[in-house]
Amino acid sequence: MTARVLAPFGARTTNVVARRETGGYVVFTALDADGPDPAPGQFYMLRSEGWGSQGGRPFLPRAFSVAAAERTADGVRLEFLVEAVGPGTSILASLGAGAELTITGPLGRPFSEPDEVNPGAPGAIMVGGGIGVAPIAILRRHLTEQGIPGRTLLGFRDEAHSGGLELFGACQEVGLAFEDGHRGHQGYVTDLLQVALKGDDAAAAAVYACGPPVMLEAVRAICAERGAQAELAMEAPMACGYGACFGCAVPLAEGGYMRLCVDGPVVRADAIETALVAGSGHR
Ligand SMILES: Cc1cc2nc3c(=O)[nH]c(=O)nc-3n(C[C@H](O)[C@H](O)[C@H](O)COP(=O)(O)OP(=O)(O)OC[C@H]3O[C@@H](n4cnc5c(N)ncnc54)[C@H](O)[C@@H]3O)c2cc1C
Ligand code: FES
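(A) Examining the site of ligand 1 more closely. Not every one of the 22 residues close to ligand 1 is listed here, only the nearest: Arg57, Arg62, Ala63, Gly88 and Thr89. Contacts to ligand 1 include Thr89, whose side-chain N or O atom sits 2.5 Å from an oxygen atom. The contact in question runs from a nitrogen atom of ligand 1 to an N or O atom on the side chain of Glu235, over 3.3 Å. Looking at the shell around ligand 1, the elements with two or more residues in it are strand 4 (62-65), strand 6 (75-82) and helix 1 (87-94). Looking at the shell around ligand 1, the element that brings in the most residues is strand 4, giving four residues. Counted by class, the shell around ligand 1 contains twelve nonpolar, six polar and four charged residues.

Structure (structure tokens):
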């Protein structure tokens, strides 16, 4: 497993240094002067100025995957891709340069390397859906830097519910699917995965996925049918982000539960009972 990077104790105050709109989403960049470089798949608990301003909401910090991280002389620049769906995400999506942002992280278990997901895997097949493209972007960059070949498949509902494509650069093949068909394949990104896993070498594949629960459940089913191994970056409602509240419990295939914030958010597809976790948000 890629080493889990441990968060420094407590929350840190950072500043937003850049913001840009990308399709229907927003990317904002925070400069973390004191924190370590995160591993792909890890997340941060975020809150900012304006927190609690909407009738007391949002009360708790919110969880966000890191989409890109770059070490500079002043600290690590962290990029987050946000879709405004409620009070917390709306505040974060509106933050401009100079805004104060409080972060805890990096948290959770990162993605494994392809040969740890499936020994002998020739590379990676990465599948992102909607705002779930965020951790796939940093994973893709990490694998590219190591010279590990990868195929990236991204799916969105429509133009308004898409964005972040520029996080993927141009150095690897990117397959696109839009449900409304205005660009790329008309249909689901899992249609592209079905095609990618056709053939005799499917059982050697290392698949990585992040997206809405129905997409992740479809990825699980396709990989199980083809004998491919997969890791999923999942969502669950998170109150603390570090194992204290049990709000993020996900049922395990062998019985019992894991706390997604410390035992995930990256999980082996065959370790969980289902990816259809109630209250995880994304449709
Ligand atoms: C590990 C992890 C990583 C995450 N990474 C990202 C990320 O990179 N970018 C990102 O934008 N979000 C990400 N999320 C989801 C994000 O944390 C939630 O969208 C956020 O908590 C919503 O907070 P809110 O205050 O805006 O809305 P809430 O008050 O929590 O919810 C408002 C309403 O929106 C619904 N809702 C909540 N979340 C979503 C959602 N994601 N999509 C659609 N409807 C939703 C709720 O059911 C509710 O009806 C991640 C979650 C986890 C657990
Ligand atoms: S969010 Fe509190 S235990 Fe996971």
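(B) Fine view of the sheet that holds strand 5 (residues 68-72). Spatial ordering of the open sheet is given by 4-3-7-1-2-6-5, a layout of seven strands whose pairing is antiparallel. A strand with exactly one partner marks an edge of an open sheet, and here the two such strands are strand 4 and strand 5. The sheet shows a mean angle of 35° between the axes of neighbouring strands, direction not considered. In this fold helix 3 (residues 133-145) packs onto strand 4, strand 5 and strand 6, with an angle of close to 50° to the strand it touches most, strand 5.

(C) View of the pattern of salt bridges. Per the stated rule, a full pass over the model turns up nine salt bridges. Here Asp32 and Arg12 are joined by a salt bridge, their closest N and O atoms 2.7 Å apart. A residue pair is termed long-range when its members are at least 10 positions apart, and Asp32 in strand 2 (residues 25-32) and Arg12 in strand 1 (residues 12-22) qualify at 20 residues. Among the residues examined, Arg12 registers a relative accessible area of 9% and is labelled buried. Note that Arg20 is salt-bridged to Glu79, the shortest N-O span being 3.5 Å. Of this pair, Arg20 sits in strand 1 while Glu79 sits in strand 6, and the two are 59 residues apart along the sequence.

(D) Spatial organisation of the side chain of Glu113. Among the structural elements, Glu113 can be located in the loop between strand 7 (100-107) and helix 2 (114-117). The charged side chain of Glu113 is buried without a salt bridge, its nearest counter-charge being Arg109 at 11 Å. Side chain to side chain, Glu113 and His142 meet in a polar contact 3.0 Å long. In contact with Glu113, other than residues within four places in its own chain, are Thr2, His142, Leu143, Gln146, Ile148 and Tyr208.

(E) Broad picture of the packing of aromatic side chains. The tally for this structure, following the rule as stated, stands at four aromatic pairs. Both rings, one in Tyr44 and one in Phe80, keep their centres 5.6 Å apart while their planes meet at 85°; by these two values the pair is edge-to-face. A residue pair is termed long-range when its members are at least 10 positions apart, and Tyr44 in strand 3 (residues 43-48) and Phe80 in strand 6 qualify at 36 residues. On the accessibility criterion, Tyr44 (0% relative accessible area) is buried. Taking the centre distance of 5.5 Å and the plane angle of 35° together, the rings of Phe156 and Phe178 count as tilted. Of this pair, Phe156 sits in strand 9 (residues 150-156) while Phe178 is found in strand 10 (residues 174-178), placing the two residues 22 residues apart along the sequence.

(F) Local environment of the nonpolar core. Leu197, Val207, Leu232 and Met234 are the most contacted members of the largest nonpolar core, which has 38 residues in total. At the level of secondary structure, the elements contributing two or more residues to this core comprise strand 3, strand 8 (124-129), helix 4 (189-196), strand 12 (206-210), helix 5 (213-226), strand 13 (229-233) and helix 6 (260-263). The element best represented in this core is helix 5, accounting for five residues. Apart from the residues within four sequence positions on either side, Met234 is in contact with Leu216, Val250, Leu260, Pro265, Val267, Ile272, Thr274, Ala275 and Val277. Among the nonpolar cores identified, the runner-up in size contains 27 residues, and Val27, Leu154, Ala206 and Tyr208 belong to it.

Analysis parameters
Residues numbered from 1 in each chain as written. Chains lettered and ligands numbered in written order. Predicted model: local features only at pLDDT ≥ 70, side-chain atom pairs only at ≥ 80, totals over all residues. Heavy atoms only, no water. Near = heavy atom within 4 Å. Polar contact = N/O pair within 3.5 Å; in protein donor to acceptor, adjacent residues only side chain to side chain. Helix = DSSP H or I, 4+ residues; strand = E, 2+ residues; numbered from the N terminus. Nonpolar A, V, L, I, M, F, W, Y, C, P; charged D, E, K, R; others polar. Pairing = 2+ DSSP bridges. Axes fitted to C-alpha atoms, helices over the stretch in contact; angles between N-to-C directions. Contact = heavy atoms within 4.5 Å. Salt bridge = Lys/Arg side-chain N within 4 Å of Asp/Glu carboxyl O. Buried < 20%, exposed > 50% of the residue type's maximum accessible area, 1.4 Å probe, protein only. Lys, Arg positive; Asp, Glu negative; His and termini not counted. Phe/Tyr/Trp six-rings, centres within 6.5 Å; stacked < 30°, edge-to-face > 60°. Core = buried A, V, L, I, M, F, W, Y, C linked by side-chain atoms within 4.5 Å.

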